[in-house]
Amino acid sequence: MNMKDFSLSVSEVNRYVKSLIESDACLSEITVRGEISNLKYHSSGHIYFTLKDEESEIAAVMFRAQAQRMTFRADNGMKVTAYGRVSVYEKSGRYQLYVSAMTDDGAGALYLEYKRLYEKLRAEGLFDESRKKLIPKIPKKIGIVTSPTGAAVRDMLNITGRRWPAAEILIYPSLVQGADAPRTLCQGVEYLNADGTCDVIIIGRGGGSVEDLWAFNDETLARTVAASHIPVISAVGHEVDFTLCDFAADKRAPTPSAAAEIAVPDRADMIERFDEAMERIDICASRLLERKGAMLRNRAQVLEMRSPKARLERIRQKLSYDSSRIEKAADRVLERSRARLYALSQSLSAMNPLAVLGRGYSALEKDGKIIGKAAELEVHDRVSILLSDGRADAEILSVDKKEII
C-alpha cells in the first residue's frame, strides 16, 4: 500500500493528538502540584504560567471566568495545586494544562530562599539607603556587565548612543543565567572596579522567569555589588521583577533601557537647558552692564563736577558773573554820578560870576576882593572892573551910598 495515501496535514495531526489526549479519562480530570513560574496576567483576564518541579515543567492556562473565582493572587515561586484537564492547542501543537481551579500550597523553595537571603542581608544593613552612592549626572565612561549577545545590551547601547554619544562604553561579557552566572557577574563588577576608569556600572539582563533571573539573587553577587566603590545601577528583568542585586545596588532601574536613561543625560534636553541658561546669562549680563554703565556715568559726572578743572570753571563762571554785576553796578554808579555832577555843574554854572558876566554884567574888585556894596568904596579908590572877556582898572570919582534895592 502506498504510504502517500495515508498522508495527513499538520492540522489533522494536531487534531488527532488532541482527540487522543482528551479521550484519556486520566487526563480529562487531573490534579497537578508544582511551582509557578513565567507567570503572566493577560489584559483579557486570562492567566498564563508554567508549573514545574525539580525535573520537568508543563505549560498552563487559566481562563478569566475561572481566574475570577480565585481567593488568592498567584505569583512566581508559589507552590500550588492545580485542578483541570490536559489538552492540545491545535494552532501551535502544544499540549498544556487547562486549569479550572487552583489552591495555594505555600511559597516555593526559590521564594523561601529569596526571603531568607533578603532578611539576612537587610539585617546587616546591606540595603540601607545611607550607604548608597550618587549616580554621576554626566559620566565619561560607563561599564556594563551583561550578556554581550542579548537584546538588553543592544537596547542600552542604542539609548546611550542616542542620548549621550560622548560617553564611552566598556562591556564586560558575562553569563546572566545558570549556575556559573553569579561568578562571572561578580568578576565583571570586580574587574571594572580594578580598572577604575568607569564612572558608573550597569549590571543586568532582560526579562525572564524566576529561574532565569535567579543568578541575580546570589548572596555573593549582592555583597560584591554593595562593596563596589563605583556607583552601580541594577537593571534585572521587567518592572515587576525585584532581585537582591536590585536592593544592593546604588540605584535600581525597572528595565535595562531605563538603566541607560538613568546613566546618561539626554543630549537634546541638555542643549535646550544650555540654550536657556545662555539666554538667561545674556539677559543678566545686559542688565548688569546697563546698571554698571549707569553707575559709571553717574560717577563720571560726580568726578567731573569735583575735578579741579570743573571747580576752576565754576570759579571762572562766578568771577565772570560777579565781574558783570560789578561792571553793571559801576555803570549805574557812574551814571548816577554823571547825572549828579551834571546837576551840580548846572547849579554851579548858575551861580558862577563869570556866567553873570557873560550875560552883560561886570564885577568890581578892590584889593583882590569883590565889592558888593557901595559902602565898601571911597572916592579915589583904585578898583578893577571884571568883564566877561577881561578886566579894566578905574578910579572911583564919587560914591553914592544910597541903596538901589
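Residues numbered from 1 in each chain as written. Predicted model: local features only at pLDDT ≥ 70, side-chain atom pairs only at ≥ 80, totals over all residues. Heavy atoms only, no water.

Help me out: how do you make sense of the pairing of strand β6 (residues 141–146) in this one?
Consecutive residues of a regular strand have side chains that alternate between opposite faces of the sheet. Burial analysis of β6 places 6 of its 6 residues in the buried class, the great majority of the element. Residues Lys-141, Gly-143 and Val-145 of β6 are buried on one face, and the alternating residues Ile-142, Ile-144 and Thr-146, pointing to the opposite face, are buried as well. In this sheet, strand β7 (residues 168–173) lies alongside β6 in parallel orientation, the contact comprising 6 bridges. The residue of β7 that forms the bridge with Lys-141 is Glu-168. Examined bridge by bridge, β6 and strand β8 (residues 200–205) share 4 bridges and lie parallel to one another. The partner of Val-145 across the bridge, within β8, is Ile-203. (Buried < 20%, exposed > 50% of the residue type's maximum accessible area, 1.4 Å probe, protein only. Helix = DSSP H or I, 4+ residues; strand = E, 2+ residues; numbered from the N terminus. Pairing = 2+ DSSP bridges.)

What exactly am I supposed to notice about the packing of aromatic side chains here?
Describing an aromatic ring pair means giving the distance of the ring centres and the angle of the ring planes. Counted under the stated rule, the structure contains 7 aromatic pairs. Geometrically, the ring pair formed by Phe-63 and Tyr-98 is tilted, given 6.0 Å between the ring centres and 45° between the ring planes. On the criterion of sequence distance, the pair formed by Phe-63 in the loop between β3 (57–62) and α3 (64–67) and Tyr-98 in strand β5 (residues 94–107) is long-range, its members being 35 residues apart. The buried category is assigned to Tyr-98, whose relative accessible area is 11%. (Phe/Tyr/Trp six-rings, centres within 6.5 Å; stacked < 30°, edge-to-face > 60°.)

Is there a simple way to explain the nonpolar core in this structure?
Side chains that are nonpolar tend, in soluble globular proteins, to be buried together. Residues Ile-203, Phe-216, Leu-221, Val-225 and Leu-244 are the most contacted members of the largest nonpolar core, which totals 31 residues. Elements represented by at least two residues in this core include exactly α4 (109–123), α6 (181–195), β8, α8 (219–227), β9 (232–236) and α9 (244–248). In terms of nonpolar packing, the next biggest core, distinct from the first, is built from 22 residues, Ile-21, Val-32, Ala-67 and Phe-72 among them. (Core = buried A, V, L, I, M, F, W, Y, C linked by side-chain atoms within 4.5 Å.)

Please clarify how the environment of Asp-367 should be interpreted in this entry.
Note that Asp-367 resides in the loop between β11 (363–366) and β12 (369–371). Between the C-alpha atom of Asp-367 and that of Ala-25, which follows or precedes it by 342 residues, the distance is 193 Å.

Explain the sheet that holds strand β13 (residues 382–387) to me, please; I cannot follow it from the model alone.
Paired through their backbone hydrogen bonds, the strands of a sheet run either parallel or antiparallel. What the 4 strands build is an open sheet, ordered β12-β11-β13-β14; its pairing is antiparallel. This sheet does not close on itself; its edge strands, each paired only once, are β12 and β14 (390–395). The sheet shows a mean angle of 35° between the axes of neighbouring strands, taken without regard to direction. (Axes fitted to C-alpha atoms, helices over the stretch in contact; angles between N-to-C directions.)

I keep staring at the pattern of salt bridges and nothing clicks. Help me out?
Pairing between side chains of opposite charge can happen when the charged atoms of each approach one another. Tallied over the entire structure, the rule returns 16 salt bridges. A salt bridge links Lys-141 to Glu-168; its shortest N-O distance comes to 3.8 Å. Of this pair, Lys-141 sits in strand β6 while Glu-168 sits in strand β7; the two residues are 27 residues apart in sequence, bridging distant segments of the chain. Judged by its relative accessible area of 13%, Lys-141 is buried. Judged by its relative accessible area of 46%, Glu-168 is partly exposed. One salt bridge connects Asp-381 with Lys-366, and the closest N-O pair in it is separated by 2.9 Å. Highlighted residues: Asp-381 in the loop between β12 and β13 and Lys-366 in strand β11, separated in sequence by 15 residues. (Salt bridge = Lys/Arg side-chain N within 4 Å of Asp/Glu carboxyl O.)

Got a minute to help me understand unusual backbone geometry in this structure?
With the exception of glycine, the majority of residues adopt a negative phi angle, and the majority of peptide bonds are in the trans configuration. We note that Asn-38 has phi near 55°; this positive angle belongs to a residue other than glycine. Inspection of the secondary structure puts Asn-38 in strand β1 (residues 30–41). On the accessibility criterion, Asn-38 (36% relative accessible area) is partly exposed. With a phi angle near 75°, His-380 is a residue other than glycine that sits in the positive phi range. You can see His-380 is positioned in the loop between β12 and β13. You can call His-380 exposed: its relative accessible area is 55%.

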